[in-house]
Amino acid sequence: MFSDFEETLSLANHTGYAEAETYASLFEVANQWLRETGEKDFFGVADDADEATASAKTWKQKHKIDRLTFQRWWFETGMKNGFLSPPAAAAKFLAASDFVHRLTKGNQQLQRAIYQFADAWHWMRFEGSDEHELAAVGLKSIQGRAQGPAVKQERAELKKKLLNELYDGFASDERNGAARKSAKGAAGAMFSQVNKKLKELGLNAFAEKTLADELRPLVKARFPRPKKQRAT
């Protein structure tokens, strides 16, 4: 069977069709998890995104609103159910799926290539990080990882995601004025809100100076300052 190289590569598992079937199954399961917990499924959020983009004048505006709608839905699902919960995992998967499929613009060959890469990435990570060994001894739970470095990294990433989302909303609101463009100003204005959310998630609060330090790169990325021209 493998003597003909082209024939071998035409097999379903080498052209992405098998992974496409896996994706379709995961898409269905993710929506089912969300419905079972009373959360909106993909189609409900897609309707919200379509309604929100009705007044968008350009594809770029529509794309940005679509992305924000799905990202916010995933984040709110995580805040409500816990970011390690099945509905949060399902929302994150579907939000990422929507983003990828919009970027591919219906190119099914590219979509299948992405499914193949995602599958290969999963198994490489699974083997390379010894996750299969952890699963075998039952250390996939939070309790099992609570004393190790993995949970510290997980908590740090969660705090970063929370801060990114909250600052994005803060910076998008013009009523926040000059504070949007200042790490210190944003930290002062957001301090209570951020730490309230962290407390709800069982995460350590920020000191105001630390919060300003964390916000500084976000502010610079959102509102880059023009470079000064050297005098000639």
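Thresholds, definitions, all that
Residues numbered from 1 in each chain as written. Predicted model: local features only at pLDDT ≥ 70, side-chain atom pairs only at ≥ 80, totals over all residues. Heavy atoms only, no water. Helix = DSSP H or I, 4+ residues; strand = E, 2+ residues; numbered from the N terminus. Buried < 20%, exposed > 50% of the residue type's maximum accessible area, 1.4 Å probe, protein only. Contact = heavy atoms within 4.5 Å. Areas by Shrake-Rupley, 256 points an atom, 1.4 Å probe, with all protein chains shown as cover. Phe/Tyr/Trp six-rings, centres within 6.5 Å; stacked < 30°, edge-to-face > 60°. Lys NZ or Arg CZ within 6 Å of the ring centre and 35° of its normal. Salt bridge = Lys/Arg side-chain N within 4 Å of Asp/Glu carboxyl O. Expected span 1.5 Å × (residues − 1). Bend = angle between axes of the 7 residues up to and from the residue.

### Some words on the overall build of the protein chain
- Within the protein chain, the secondary structure is distributed over 12 helices and zero strands.
- Starting at the N terminus and walking to the C terminus, you meet the elements of the protein chain as α-α-α-α-α-α-α-α-α-α-α-α.
- Every one of the 232 residues in the protein chain was classed for burial, and the buried ones make up 28%.
- Expressed as a percentage of contacts within the protein chain between residues at least 6 apart in sequence, the contacts between residues at least 24 apart total 58%.
- A total of about 15900 Å² of accessible surface is found on the protein chain, and carbon and sulfur atoms cover 55% of it.

### As for the packing of aromatic side chains
- For the structure shown, the criterion picks out 11 aromatic pairs.
- When the centroid spacing of 6.0 Å and the interplanar angle of 45° are considered together, the rings of Tyr-23 and Phe-27 count as tilted. Here Tyr-23 and its partner Phe-27 are both found in helix H3 (residues 17-36), four residues apart, which amounts to about one turn of the helix. Neither residue differs from the other here; Tyr-23 and Phe-27 are each classed as buried.
- Between the aromatic rings of Phe-75 and Phe-83, the centroid separation amounts to 5.4 Å while the plane-to-plane angle is 55°, which identifies the pairing as tilted. An identical accessibility class is assigned to Phe-75 and Phe-83; each is buried.
- The rings of Tyr-23, Phe-27, Phe-42, Phe-43, Phe-70, Trp-73, Phe-93 and Tyr-115 are connected pair by pair, giving a single aromatic cluster.
- The aromatic ring of Phe-99 is capped on one face by Arg-67, whose charged end is 3.9 Å from the ring centroid.
- Over the ring of Phe-206 we find Lys-159; its NZ or CZ atom is 4.3 Å from the centre of that ring.

### Observations concerning the pattern of salt bridges
- Counted by the stated rule, this structure contains 11 salt bridges.
- The salt bridge involving Glu-165 is made with Arg-72; its shortest N-O contact spans 3.6 Å. Pair noted here: Glu-165 is in helix H10 (residues 149-172) and Arg-72 is in helix H5 (residues 59-81), with a separation of 93 residues, a long-range link.
- On the basis of relative accessible area, Glu-165 is assigned to the buried category, the value being 16%.

### Details of unusual backbone geometry
- A positive phi is found at Lys-105, a non-glycine position, where the angle reads about 55°.
- Using a relative accessible area of 64% as the deciding quantity, one classes Lys-105 as exposed.

### Some details on helix H11 (residues 183-200)
- Spanning 18 residues, H11 covers 24 Å between terminal C-alpha atoms, matching the ideal 26 Å at 1.5 Å per step.
- Along H11, the sharpest change in direction is near 60° and occurs at Met-190.
- Regarding H11, the residues found buried are Ala-183, Ala-186, Ala-187, Met-190, Val-194, Asn-195 and Leu-198.

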